[in-house]
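Next come the chains, spelled out residue by residue.
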Amino acid sequence: MNWLNSEAFTAFGQHILWSDMLGNTIGLIALALGWRRSILTWPAQFLSGVILIAAYASAQLSGGVGKQLLVIGVALWGWRQWHQGRQQAQDGSIAVRFASWKERGLLLAGAVLGTLAVGGLFTLYPTLSWSPWADAYIFVGTLVAMVAQARGLVEFWFAWLLVDLVGVPLAFSSGLAFSGLVYVIYFALVIWGMRDWWLRTRTPALEGAPA
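Summarised in this report is the structure supplied together with it.

Criteria and cut-off values
Residues numbered from 1 in each chain as written. Predicted model: local features only at pLDDT ≥ 70, side-chain atom pairs only at ≥ 80, totals over all residues. Heavy atoms only, no water. Helix = DSSP H or I, 4+ residues; strand = E, 2+ residues; numbered from the N terminus. Buried < 20%, exposed > 50% of the residue type's maximum accessible area, 1.4 Å probe, protein only. Contact = heavy atoms within 4.5 Å. Patch = residues over 30% accessible without salt bridge, like charges linked within 9 Å, V, L, I, M, F, W, Y side chains within 5 Å. Areas by Shrake-Rupley, 256 points an atom, 1.4 Å probe, with all protein chains shown as cover. Salt bridge = Lys/Arg side-chain N within 4 Å of Asp/Glu carboxyl O. Expected span 1.5 Å × (residues − 1). Bend = angle between axes of the 7 residues up to and from the residue. Phe/Tyr/Trp six-rings, centres within 6.5 Å; stacked < 30°, edge-to-face > 60°. Lys NZ or Arg CZ within 6 Å of the ring centre and 35° of its normal.

## Here's the deal with the side chain of Q45
Here is step 1 of the chain: Secondary-structure assignment places Q45 in helix 2 (residues 41-58).
Here is step 2 of the chain: According to the relative accessible area criterion, Q45 is buried, its value standing at 10%.
Here is step 3 of the chain: For Q45, the residues in contact, after removing those within four places along its chain, are A30, V71, A75, M146 and Q149.

This is the structure:
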């Protein structure tokens, strides 16, 4: 733990921790693997979560620690879901689709109610987080995104975009500069991944269409 939270280097006045750098680099790899619908995205997310626990603990962001614990748990569940479902796609990767309106409603309701509950908890116990509502938003948003990803829903990319909007400024203000930089790179990957998954949902319909 001490080695992970030691300084790797300094850039533009920001102290970069090994845990912050390694965990987020592996997280980027996991996102890229998710874009390619590779089942290896889940072991990568698991490892990223384990390492980032040290980074968030050093910044005293209990919500971030809790988020990474959720990442670890959902990564195990997501790996099982994709392992069972990847036979549905012709190339052996996971089949993707848009969520139904009912599923969207459930995801949105879960995000709102979860953020209110977690934010209320962090507000009630200030020692858990110095930025309770932003922390709760990222905490719950990450869970919603990963659940949607595990089910092969294109909407998971939209959830990541919304998490990024708060994650970038919070990471920089918490002294986790590398996390902030990675969130910016996440944004670009999310846009490309969203396009790829959207086109993938159209493929089955186009295969049977006349030339």
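After that view of the structure, there is still more to cover.
## A closer look at a nonpolar patch on the surface
Here is step 1 of the chain: A cluster of nonpolar residues, L108, V112, L113, L116 and W133, forms a patch on the protein surface that exposes about 530 Å² of accessible area.
Here is step 2 of the chain: Per-element accounting of the nonpolar patch gives the leading share, 4 residues, to helix 4 (residues 101-124).
Here is step 3 of the chain: Along the chain, the position of L116 falls in helix 4.

## Re helix 6 (residues 155-173)
Here is step 1 of the chain: End to end, helix 6 covers 28 Å across 19 residues, agreeing with the expected 27 Å (1.5 Å per residue, within 8%).
Here is step 2 of the chain: The sharpest bend along helix 6 comes to roughly 30°, located at D164.
Here is step 3 of the chain: All of the buried residues in helix 6 are E155, F156, W157, A159, W160, L161, V163, D164, G167, L170 and A171.

## As for the packing of aromatic side chains
Here is step 1 of the chain: Overall, the coordinates contain 5 aromatic pairs when judged by the stated rule.
Here is step 2 of the chain: Ring geometry for W42 versus W82: centroids 5.5 Å apart, planes at 90°, classification edge-to-face. Placement of the pair is W42 in helix 2 and W82 in helix 3 (residues 62-85), with a sequence separation of 40 residues.
Here is step 3 of the chain: W82 sits in the buried class, given a relative accessible area of 1%.
Here is step 4 of the chain: Judged by centre distance (6.4 Å) and plane angle (40°), the ring pair of W82 and W197 falls under tilted. With W82 in helix 3 and W197 in helix 7 (residues 177-207), the pair connects residues that are 115 residues apart, well separated along the chain. Pair check on accessibility: W82 and W197 agree, each one buried.
Here is step 5 of the chain: The structure contains a cluster of three or more aromatic residues connected by ring pairs, namely W42, W82, F156, W157 and W197.
Here is step 6 of the chain: The positively charged end of R104 is found above the aromatic ring belonging to W101, 4.5 Å away from the centroid.

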